[in-house]
Amino acid sequence: MSAPAVPLSWRSVAVLGMASLGGLMMLCWPLLLRVPEARVDPPFLFLALLPVVVAVVLAELSEGGMDARVLAVLGVLSAINAILRTVSAGTAGVEFVFFLLILGGRVFGAGFGFVLGCTSLFASALMTAGVGPWLPFQMIVSAWIGMGAGLLPRRVSGRAEIAMLVAYGVVAAYVFGLLMNLSSWPFLLGIQVPGHEGSLSYVPGAALMDNLTTFLKYTLITSTGSFDTGRAITNAVAIVVLGPAILTTLRRAAKRATVTAQPRSLAEPG
């Protein structure tokens, strides 16, 4: 198993943790705070701060951790992911961007996966004119998917590894849809779904469990059985068909990529 291309020092772990906590708060704050007003406006200050947080994370992870060859691999994978997302366009949930993100995170490690998730979604947004208030959320959630792939057990190999990655790809597809719904649902007014009685809108000031139950109903009805399932099937098929060959290619590239400065890894004693 190749060593991660972006080694994680304790400081990098702390920065990743703070960035993830900030992203999670930006997603969940309407559920955690009592908002007395009849409507909730998007947290534009949070949206402005999230790219800054992501930039700090990228700077921390790349500081002495990647040489030119690793940066080249990152650039190539980001470009391929951007093109794949442009081609697939998310029709019926068919998106090819996530399977390569999962494989890249698996081979190069959690830090590389986090960076790849950010750069892939940012590059694809520039190519498709998809820059908007949703982009920071797409970047942070995709970064979590790449980071999670890098944190999977390293001892698993062969067919068991492919099965593990398929299972992770399916779970990641549903989690992505769930969190992206959460990023926009509190700001949608008057949500009515045919066949369902009552509104599925966020209610400012309501109890946490009431809003959470409404949100889960909204997600199950609007995306879980359609877009999210299509994304899950795409991930599973792509990993089964293309995964072994791509893993082999990426691992060969990882062996040739060297790290210019090795920070103290988590496994080393203090």
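Preceding block: the structure.
The rules behind these values
Residues numbered from 1 in each chain as written. Predicted model: local features only at pLDDT ≥ 70, side-chain atom pairs only at ≥ 80, totals over all residues. Heavy atoms only, no water. Helix = DSSP H or I, 4+ residues; strand = E, 2+ residues; numbered from the N terminus. Buried < 20%, exposed > 50% of the residue type's maximum accessible area, 1.4 Å probe, protein only. Contact = heavy atoms within 4.5 Å. Areas by Shrake-Rupley, 256 points an atom, 1.4 Å probe, with all protein chains shown as cover. Core = buried A, V, L, I, M, F, W, Y, C linked by side-chain atoms within 4.5 Å. Expected span 1.5 Å × (residues − 1). Bend = angle between axes of the 7 residues up to and from the residue. Axes fitted to C-alpha atoms, helices over the stretch in contact; angles between N-to-C directions. Parallel < 35°, antiparallel > 145°, perpendicular 65-115°, else oblique. Left-handed = near helix turned anticlockwise from the far one by under 90°. Salt bridge = Lys/Arg side-chain N within 4 Å of Asp/Glu carboxyl O. Nonpolar A, V, L, I, M, F, W, Y, C, P; charged D, E, K, R; others polar. Patch = residues over 30% accessible without salt bridge, like charges linked within 9 Å, V, L, I, M, F, W, Y side chains within 5 Å. Phe/Tyr/Trp six-rings, centres within 6.5 Å; stacked < 30°, edge-to-face > 60°.

Visitor: For this particular structure, what's the right way to read the overall build of the protein chain?
Guide: Counting its regular elements, the protein chain contains eight helices and zero strands. Along the protein chain, helices (α) and strands (β) appear in the sequence α-α-α-α-α-α-α-α when read from the amino end. Across the 270 residues that make up the protein chain, the buried fraction comes to 49%. In the protein chain, of all internal contacts separated by at least 6 residues, the share reaching a separation of at least 24 is 80%. Total accessible area on the protein chain stands at roughly 13000 Å², and carbon and sulfur atoms take up 70% of it.

Visitor: Before we go on, may I ask you to explain the nonpolar core in this structure?
Guide: Side chains of a nonpolar character, in soluble globular proteins, are inclined to be buried together. One finds Leu27, Phe112, Phe114, Val141, Trp144 and Ile145 to be the most contacted residues of the largest nonpolar core, which totals 59 residues. Broken down by secondary-structure element, the contributors of at least two residues to this core are α1 (10-32), α3 (68-88), α4 (97-108), α5 (110-128), α6 (135-150), α7 (158-184) and α8 (208-256). Other than its neighbours up to four places away in sequence, Val141 contacts Leu27, Phe176, Leu179 and Met180.

Visitor: Teacher, can you tell me more about α8 here?
Guide: Spacing of three or four residues puts side chains on the same side of an α-helix, whose turn is 3.6 residues. Here α8 is 49 residues long, yet its end C-alpha atoms lie only 51 Å apart, well below the 72 Å a rise of 1.5 Å per residue gives. Residue Gly243 marks the point of greatest curvature in α8, where the axis turns by about 60°; the proline Pro244 follows within four residues.

Visitor: Mind showing me how you'd approach the packing of α6 against α7 here?
Guide: Viewed as axis vectors pointing N to C, α6 and α7 meet at an angle of 155°, and their least axial separation amounts to 10 Å. By the angle between their directions, the pair α6 and α7 is classed as roughly antiparallel. At the point where α6 passes α7, the crossing takes the right-handed sense. Contacts from Phe137, Gln138, Val141, Ser142, Trp144, Ile145, Gly148 and Ala149 of α6 reach α7 at Tyr168, Ala172, Phe176, Leu179, Met180 and Ser183.

Visitor: Got a minute to help me understand the pattern of salt bridges in this structure?
Guide: It is possible for side chains bearing opposite charge to pair when their charged atoms get close. Applying the stated criterion to the full structure yields four salt bridges. Here Arg231 ties to Glu95 by a salt bridge, and the two come within 2.7 Å at their closest N and O atoms. Residue Arg231 is located in helix α8, and its partner Glu95 is located in the loop between α3 and α4; the two are separated by 136 residues in the primary sequence. Taking the relative accessible area as the measure of exposure, Glu95 reaches 9% and is therefore buried. For Arg106, the salt bridge goes to Glu161, with nearest N and O atoms at 2.8 Å. Of this pair, Arg106 sits in helix α4 while Glu161 sits in helix α7; the two residues are 55 residues apart in sequence, bridging distant segments of the chain. For the pair shown, Arg106 and Glu161 are each scored as buried. If you follow the salt bridges from partner to partner, you end up with Glu95, Asp228 and Arg231 in one network.

Visitor: Would you explain the packing of α4 against α6 in this entry?
Guide: Between two packed helices, what matters for the description is the angle formed by their axes and the separation of those axes. It is the contact of α4 with α6, at a shortest axis distance of 6 Å, that shows an interaxial angle of 40°. Here α6 runs oblique to α4, going by the angle between their axes. When the axes of α4 and α6 are compared, the crossing they make is right-handed. Residues Phe98, Leu101, Ile102, Gly105 and Arg106 of α4 pack against Ser142, Ile145, Gly146, Ala149 and Gly150 of α6. Classifying every residue of the contact of α4 with α6 gives five nonpolar, four polar and one charged.

Visitor: Would you explain a nonpolar patch on the surface in this entry?
Guide: Taken together, Leu21, Met25, Leu32, Leu208 and Met209 make up a surface patch of nonpolar side chains, about 500 Å² in accessible area. At the level of secondary structure, the elements contributing two or more residues to the nonpolar patch comprise α1 and α8. Looking at the nonpolar patch element by element, the count peaks at three residues for α1. Locating Leu208 in the fold gives a position in helix α8. On the accessibility criterion, Leu208 (39% relative accessible area) is partly exposed.

Visitor: When you look at the packing of aromatic side chains in this model, what are you seeing that I'm missing?
Guide: Overall, the coordinates contain three aromatic pairs when judged by the stated rule. Seen in terms of ring centroids, Phe108 and Phe112 are 4.6 Å apart; in terms of plane orientation they differ by 25°. Their pairing is stacked. Across the pair, exposure class does not vary: Phe108 and Phe112 are buried alike.

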